[in-house]
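Read off the chains here:
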Amino acid sequence: MKLVTGREMKEIDKQAVEKYGVPDLLLMDAAAKQVADAVVEFLKEKALFKLGVKVVVFCGGGNNGGDGFGAARWLLAYGVQIKLFFVGADLAKLKGSAAAEMLLYTKAGGSIATLKSEEEWLAAELAAERSAVLVDAILGTGFTGELRADARKACKLMNDAEKPVIAVDIPSGVNADDGSACEDAVRADITVTMALPKTGLCLYPGKELVGRVQVAAIGMPEKLLAEYTSHKYKITAPIVQALLPLRAAYAHKGDAGRVLICAGSPGFTGAAALCGRAAVKSGAGLVSLVTPLSSREVLAVKLTEVMVHGLLERMPGVLGSAAVNDVLQRAAQSDILAIGPGLGISDSTQQAVRDILQKVEIPVIIDADALTALKDNTVMLAKMQAPKVLTPHPGEMARLTGLSVEEINRDRINIAAKYAKEWQAVVVLKGAPTVIGCPDGSIYVNSTGSSALATGGSGDVLTGIIAALAAQGISLQEAAICGVYLHGLAGSSACGSVGLAAGEIADFLAEARSKTEKDAAAAAANCAGGVIVLK
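These lines cover the structure that appears in this document, whether it is placed above or below. (Residues numbered from 1 in each chain as written. Predicted model: local features only at pLDDT ≥ 70, side-chain atom pairs only at ≥ 80, totals over all residues. Heavy atoms only, no water.)

Thoughts on unusual backbone geometry
A cis amide bond links Tyr204 to the next residue, Pro205, at an omega of 5°. Position of Pro205 relative to the elements: it lies in the loop between β6 (190–194) and β7 (212–216). Of the consecutive residues Ala432 and Pro433, the connecting peptide bond is found in the cis state with omega at -5°. Note on placement: Pro433 falls in the loop between β17 (426–429) and β18 (435–437). At Ala368, a residue that is not glycine, the phi angle is positive and equals roughly 50°. Looking at the secondary structure, you find Ala368 in the loop between β15 (364–366) and α13 (369–372). Look at Gln424: it is not a glycine, yet its phi comes out positive at around 50°. Tracing the chain through its elements places Gln424 in the loop between α16 (412–423) and β17. (Helix = DSSP H or I, 4+ residues; strand = E, 2+ residues; numbered from the N terminus.)

Below you can see the structure in the form of structure tokens.
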């Protein structure tokens, strides 16, 4: 699903009106009805919907407030008792469709309370405490910077009321572009966002404040949405289901992909074992592991379904030039090479890694210690003849780029995009959320996973998953997209928020694939109803 910034959504709105002739008021009222319907559905879900149930709506002075006025009018028509508070300097300054929605609301019998005196603020506080649901329609996707005093006070009031909050388009105080959030930004239970999801809904800290995101159809021309150029996408079940490799009923192990993994060293055999087992559990037909000779026996015992070969060493656990040709010869008989997990960071091993990367011709997944070998050597990436995926966590990305971890986490999307193009590689920037940058400029933001995946070895599992998927015949970009989604989903299926062992992730990959299929079907059904729920 396409992701857009606030500015891009404004341009889409403009094209809908000017190019396609859709009246702005029609779009706004459709958005308002979707918000009202979301409120009613939530009340029904909680067994609270009845004639006269109380809902409080907070409206700002822009188009987001216009959506709020419209939603309040629709809720009146549904038999809901409305208290509406205007958060702004002057109602008379409302203009365009927002002013029209306000007028329609008052003509339908709705009343508006302003928030200026302490008595008025106290009345709002009491109304919020007695309500079943609060609607946040103060600030929308155009918000940047800091909350002004009255907006901050209203946001804090909603948060302190400890009532369910449904936000219009995006919670007030959250930046729609980068997910940054003000101190008192609204904490929503549901965010009803219009037409397309906004990038900031997927990025922390904003992602923690949006609750369940519902993407609402508001009558935007389908042709416009289809043709609008956005290079950013949220990875969802339908996307993954469409990309996953299929296996013919008559397939044999040789048809299901041959994965070669170069990993492991004494004391770090676990990383190699996790990667190899994940490749097997992700459907690869044949998985081979090459490792320093001194690690071979340990890994041969750990991995029943993986063929383990020892590489010649300069000294125990340290590879030299003699290992390079052996890896390259085995790679020539494989579909994909994954290199790096637990391989070691001695100067000799690191040089061997660089030699392999410069000469290998099959697609390669570069992870962990192989990324360390590229520090101060990233110029070689654009010169490599093999297609490649890099899977750095923020610390590894910092070493590769010279940026700080803080700089990387603050601008994950643009950084992944920049270096994917510069290195001519698919860059899987791991984290919350994982972001995939592609050489063609496209960006994919993952929607699965939890903090349970913040455990040693989780990245090694991801490398094995991506390698196995690519070996089965899809592109590296497609394998990365599917891999991060299934990895996150398997982690969530395996555990709550803590206590997950990396080795457990692979056990839930089959369940994750099955759930992806079901979620894709459910999304298609939801789409037919005009609302897509993004989990």
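As for the packing of aromatic side chains
Counted by the stated rule, this structure contains five aromatic pairs. Here Phe58 and Phe85 contribute two aromatic rings whose centre-to-centre distance is 5.7 Å and whose plane-to-plane angle is 25°, an arrangement assigned as stacked. Of the two residues, Phe58 sits in strand β1 (residues 54–59) while Phe85 sits in strand β2 (residues 81–86), which places them 27 residues apart along the sequence. Neither Phe58 nor Phe85 differs from the other in exposure class; each is buried. (Phe/Tyr/Trp six-rings, centres within 6.5 Å; stacked < 30°, edge-to-face > 60°. Buried < 20%, exposed > 50% of the residue type's maximum accessible area, 1.4 Å probe, protein only.)

Here's the deal with the pattern of salt bridges
In this structure the tally under the stated criterion is 17 salt bridges. Among the ionic pairs, Arg277 bridges to Asp507, the shortest N-O distance being 2.6 Å. Of this pair, Arg277 sits in helix α9 (residues 269–281) while Asp507 sits in the loop between α19 (502–505) and α20 (509–528), and the two are 230 residues apart along the sequence. By relative accessible area, Arg277 is classed as partly exposed at 33%. Arg330 serves as the salt-bridge partner of Asp326, at 3.0 Å between the closest nitrogen and oxygen. Of the two residues, Asp326 and Arg330 are both situated in helix α11 (residues 321–331); the distance of four residues between them amounts to about one turn of the helix. Looking at Asp326, the relative accessible area reads 21%, which means it is partly exposed. One network of salt bridges, with partners in common, ties together Asp29, Arg73 and Glu101. (Salt bridge = Lys/Arg side-chain N within 4 Å of Asp/Glu carboxyl O.)

Considering the packing of helix α17 (residues 458–471) against helix α18 (residues 476–494)
Packing of α17 against α18 brings their axes to within 8 Å, and their N-to-C directions diverge by 135°. When the interaxial angle is binned, α17 and α18 end up oblique. α17 and α18 meet at a crossing whose hand is right-handed. Each of Ser458, Val461, Leu462, Ile465, Ile466, Leu469 and Ala470 in α17 lies in contact with α18, whose residues at this interface are Leu476, Ala479, Ala480, Cys482, Gly483, Val484, Leu486 and His487. Broken down by class, the residue content of the contact of α17 with α18 amounts to twelve nonpolar, three polar and no charged. (Axes fitted to C-alpha atoms, helices over the stretch in contact; angles between N-to-C directions. Parallel < 35°, antiparallel > 145°, perpendicular 65-115°, else oblique. Left-handed = near helix turned anticlockwise from the far one by under 90°. Contact = heavy atoms within 4.5 Å. Nonpolar A, V, L, I, M, F, W, Y, C, P; charged D, E, K, R; others polar.)

Thoughts on the nonpolar core
In a soluble, globular protein the nonpolar side chains are often hidden away together inside. Grouped together as the largest cluster of nonpolar side chains are 57 residues, with contacts concentrated most on Val259, Ile261, Leu289, Val428 and Ile436. The greatest single-element share of this core, amounting to ten residues, is contributed by α18. Contacts of Val428, omitting those with residues within four sequence positions, involve Val389, Leu390, Thr391, Pro392, Thr434, Val435, Ile436, Leu462, Ile466, Ala480 and Val484. In this structure, Leu311, Ala386, Val435 and Val445 belong to the second largest nonpolar core, which totals 49 residues. (Core = buried A, V, L, I, M, F, W, Y, C linked by side-chain atoms within 4.5 Å.)

Some thoughts on the sheet that holds strand β14 (residues 336–339)
The strands making up a sheet are joined through hydrogen bonds of the backbone, oriented either antiparallel or parallel. Spatially, β8-β19-β18-β17-β16-β15-β14-β9-β10-β11 is the arrangement adopted by the ten strands of the open sheet, whose pairing is mixed. Only two strands of the sheet have a single partner each, and these edge strands are β8 (232–234) and β11 (307–311). In this sheet, adjacent strand axes meet at a mean angle of 20° when their direction is disregarded. As paired strands, strand β9 (residues 258–262) and β14 are joined by four bridges and run parallel to one another. For Ile261, the partnering residue across the bridge sits in β14 and is Ala338. (Pairing = 2+ DSSP bridges.)

Some details on the pairing of strand β4 (residues 133–137)
Most of β4 sits out of view: five of its five residues are buried. Burial of β4 is two-sided: the residues Val133, Val135 and Ala137 facing one way and the residues Leu134 and Asp136 facing the other way are all buried. In this sheet, β4 lies alongside β1 in parallel orientation, the contact comprising five bridges. Among the inter-strand pairings, Phe58 is bridged to a residue of β4, identified as Asp136. Bridging between β4 and strand β5 (residues 165–168) involves three bridges; their strand directions are parallel. Each residue of the ladder has a partner; that of Val135, found in β5, is Ile166. Handedness of the crossover is the feature at issue here: the chain leaves β4, passes through helix α6 (residues 149–161), returns alongside β5, and the resulting connection is right-handed. (Right-handed = clockwise from strand over helix to strand, strands pointing away.)

Some remarks on α6
Helix length check: α6 (13 residues) gives 18 Å between terminal C-alpha atoms against 18 Å at 1.5 Å per residue, within 8%. Looking only at α6, the buried set comprises Ala151, Ala154, Cys155, Leu157, Met158, Asn159 and Ala161. Those residues of α6 hidden inside the fold are in contact with β1, α5 (118–129) and β4. Just beyond α6, the residue with positive phi is Glu162, at close to 55°. (Expected span 1.5 Å × (residues − 1).)

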